[in-house]
Each structure stands twice: as structure tokens, then as C-alpha cells.
Number of protein chains: 2
Amino acid sequence: MLEKSLADLYRGYIDCLNFQDWENLGTYVEQDVRYNGQMVGLYGYRQAREAEFRAIPDLHFDVQILIADDTTVASRLNFNISPQGMFLGLPVNGRRISFSENVFYEFAEGKIANVWSIVDKAAIEAQLSAA
Amino acid sequence: MLEKSLADLYRGYIDCLNFQDWENLGTYVEQDVRYNGQMVGLYGYRQAREAEFRAIPDLHFDVQILIADDTTVASRLNFNISPQGMFLGLPVNGRRISFSENVFYEFAEGKIANVWSIVDKAAIEAQLSAA
């Protein structure tokens, strides 16, 4: 049952992002959260997500695959979005692009403590060069 | 117990790769395996892995995170390797680079049927541009 509850908790986190419910982000994310090995903290984490929504007005997190054990969630997220200007160092400039992110979340006491994210930059490059 | 066995099966698959035990790859991988949505088949899958070991003599798969449910394995793999020549379109030319791959494997009847892989190309680019 613990596994199910971590998956449910994660879906709550994704809803929190999609609703831009920043006041409740701390329900899901630890104060000392690390992102790809770097301490960013809840405030930095929130700032980064808010900046993403400003740069990508149609940003939406869509879960394709979700598995969880007692301490860790793994998720494949799909995006079909239109980042303004540069995105991941690439001149996307408002084009609609589709790509995925494969990401692991290690939880501590019910909150996200470590995020290990990889975005499929190569897929975006392929779409830009095909244009 | 099923979960544990899928994780164990996956570790067998990783050993199979690290030992380059190609004759046994079909123990772990389906005939009709798909890679990032494309049908490659067991033979194509084996050819791709063999080509990687030729291009990367010190290739080694190292599991950092592994979680599994009844049908799916998620794994974060770490690499500390020296690809010869071009790698993912980047001029690595034998430099030692460290990066990760976050990858999902959907199983059917005990074999890998779908692979959803993302390699951290941005991390490699950062190492090359810092050189």
C-alpha cells in the first residue's frame, strides 16, 4: 500500500505543478531538495518551476509511465509545448515541440528530496533541424 | 515477489551486456523489441549494443537507481567511459566522460518489449565545452 500512496502523492505533485499551485509546493518538496546532485532548496526549486511556466505559457506535465517503490518514484513525462526564445540552449522561439523527460524522485519522509532528471534534448534538436 | 524477480531479471540483463554475452541476449529481450517507439527487433538491438562496445572499448553499465513493478523497470545508469570518435553527434574523440541514462523497460512475458531511453547529452556537452 505504501507504494500506491507514493504514486498517488506523486500525482498530487504533478497536479500541483500543472495548477501552478506554488503555495502548496512544500507539501510535496523538501526544504533541502537537491536537483541532479545540486542543492537548490524548496525556494530555488519553486523559482525554477515558475520561470519555466513564464518561458513556456502552454507548459503541461503529462505522465506516460509511473512506477514507484517504498522510497522512489520513476516517471516518464511527455511534453507537447511551445517554449519562447531559447530552451535548453536551443533556439526554439515559440515552435511547438514534443519531447520526454525521464526522471527519478527519491522521497524522504513523504517529500521529494532528490530529483534525477534527464530531458531528451536530442529529440528537440532533431525536430529543430527537420524544420 | 514478482517485483523482486523483475528487478533480478533486469540485473541479469545488465550482466549480459557487461559480459557481452550476445548469445544470451534473447533470454532478456523480445524478438519484437521496440526502442524509443521504433521497432528494432532483437537482431537490430544486438547489433546496436555490439556497435556501442566497438566504439566504446571501456563501456560498462553501472546501475545507480533501480525500481520495478509487475511490468516495468526503471533504471538510472551511470557511465564513466571513453567513446572513440563521434558520440551522439558530439566530437568526444576518446575523452573520458561521465554521464547518466534514465531508462524505462516495459516487459512482456518476462522479456524486454519496449525501451524508453534518454541519455544526458547536455551533461556531455558541458564536459566537452569545459575542456
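Use the structure listed above.
The rules behind the values
Residues numbered from 1 in each chain as written. Chains lettered and ligands numbered in written order. Predicted model: local features only at pLDDT ≥ 70, side-chain atom pairs only at ≥ 80, totals over all residues. Helix = DSSP H or I, 4+ residues; strand = E, 2+ residues; numbered from the N terminus. Buried ≥ 20, exposed ≤ 12 C-beta atoms within 10 Å, placed from the backbone. Contact = placed C-beta atoms within 7 Å. Least-squares fit on C-alpha atoms with pLDDT ≥ 70 in both. Core = buried A, V, L, I, M, F, W, Y, C linked by C-beta atoms within 7 Å. Pairing = 2+ DSSP bridges. Axes fitted to C-alpha atoms, helices over the stretch in contact; angles between N-to-C directions. Nonpolar A, V, L, I, M, F, W, Y, C, P; charged D, E, K, R; others polar.

**Q** Looking at this model, I keep getting lost on the environment of Gln-31 of chain B. Mind explaining?
**A** All names here are of chain B. Relative to the assigned elements, Gln-31 resides in strand E1 (residues 29-35). In this structure Gln-31 comes out as exposed when scored by C-beta crowding, with 11 C-beta atoms within 10 Å. Sequence separation between Gln-31 and Ser-98 is 67 residues, and the spatial gap between their C-alpha atoms is 32 Å. Gln-31 has contacts with Gly-41 and Leu-42, leaving out every residue within four places of it along the chain.

**Q** Any chance you could explain the relation of the copies chain B and chain A here in plain terms?
**A** Look at the two chain copies: a rotation about an axis and a shift along it is all it takes to match them. Between the two copies, chain B and chain A, the superposition gives an RMSD of 0.0 Å; the rotation angle is 180 degrees and the shift along the axis is 0.0 Å. When the rotation and shift are considered jointly, the pair of chain copies conforms to a two-fold rotation axis. The rotation axis passes nearest to the C-alpha of Asn-102 of chain B in chain B, at a distance of 2.8 Å. Counting the interface residues of chain B, we find that 100% of their copies in chain A are interface residues as well, pointing to one common contact surface.

**Q** Honestly, the nonpolar core in this entry has me stumped. Any pointers?
**A** When a protein is soluble and globular, its nonpolar side chains tend to lie buried together. In this structure, Tyr-105 and Ile-112 of chain A together with Tyr-105 and Ile-112 of chain B are the most contacted members of the largest nonpolar core, which totals 39 residues. Once you skip the residues sitting within four places of it in the chain, Ile-112 of chain A turns out to touch Tyr-13, Tyr-28, Val-29, Glu-30, Val-33, Tyr-105 and Phe-107 of chain A. With 16 residues, the next largest nonpolar core counts Ile-118 of chain A together with Phe-87, Phe-99 and Ile-124 of chain B among its residues.

**Q** Can you help me understand the pairing of strand E3 (residues 62-68) of chain A in this one?
**A** Looking along a regular strand, one sees the side chains alternate between the two faces of the sheet. Residue and element names in this part refer to chain A. Pairing analysis gives six bridges linking E3 to strand E4 (residues 72-81), with the strands arranged antiparallel. Across the sheet, residue Ile-65 finds its bridge partner in E4, namely Arg-76. Between the antiparallel neighbours E3 and E4 lie three residues.

**Q** Would you mind going over the sheet that holds strand E7 (residues 97-108) of chain B with me for this structure?
**A** Neighbouring strands of a sheet are bound in pairs by backbone hydrogen bonds; such pairs are parallel or else antiparallel. Residues and elements named next belong to chain B. Taken together, six strands build an open sheet; the order of strands is E2-E1-E8-E7-E4-E3 and the sheet is mixed. Since the sheet does not close on itself, it has two edges, and those belong to strand E2 (38-39) and strand E3 (62-68), each with one partner. Across ten bridges, the pairing between strand E4 (residues 72-81) and E7 is antiparallel. What sits directly across from Ser-75, in E7, is Val-103. Along the sheet face, helix H2 (residues 41-55) touches E1 and E2 and points at about 70 degrees away from the line of E1.

**Q** I keep staring at the interface of chain B and chain A and nothing clicks. Help me out?
**A** Accessible area lost upon the coming together of the parts is a frequently used measure of interface size. Listed by partner, the interface residues are 16 residues for chain B and 16 residues for chain A. Of all the secondary-structure elements, those providing two or more residues to the side of chain B that touches chain A are E3, E4, E7, strand E8 (111-119) and helix H3 (121-130) of chain B. In terms of residue count, the dominant contributor to the side of chain B that touches chain A is E7 of chain B (four residues). Looking at side-chain class alone, the side of chain B that touches chain A contains nine nonpolar, three polar and four charged residues.

**Q** How do you make sense of the pairing of E1 of chain B when you look at a structure like this?
**A** Residue and element names in this part refer to chain B. The pairing of E1 with E8 spans three bridges and is parallel. Its bridge partner being in E8, Arg-34 is matched across the sheet by Asn-114. What sits between E1 and E2 in their antiparallel hairpin is a turn of two residues, with Asn-36 showing a positive phi close to 50 degrees.

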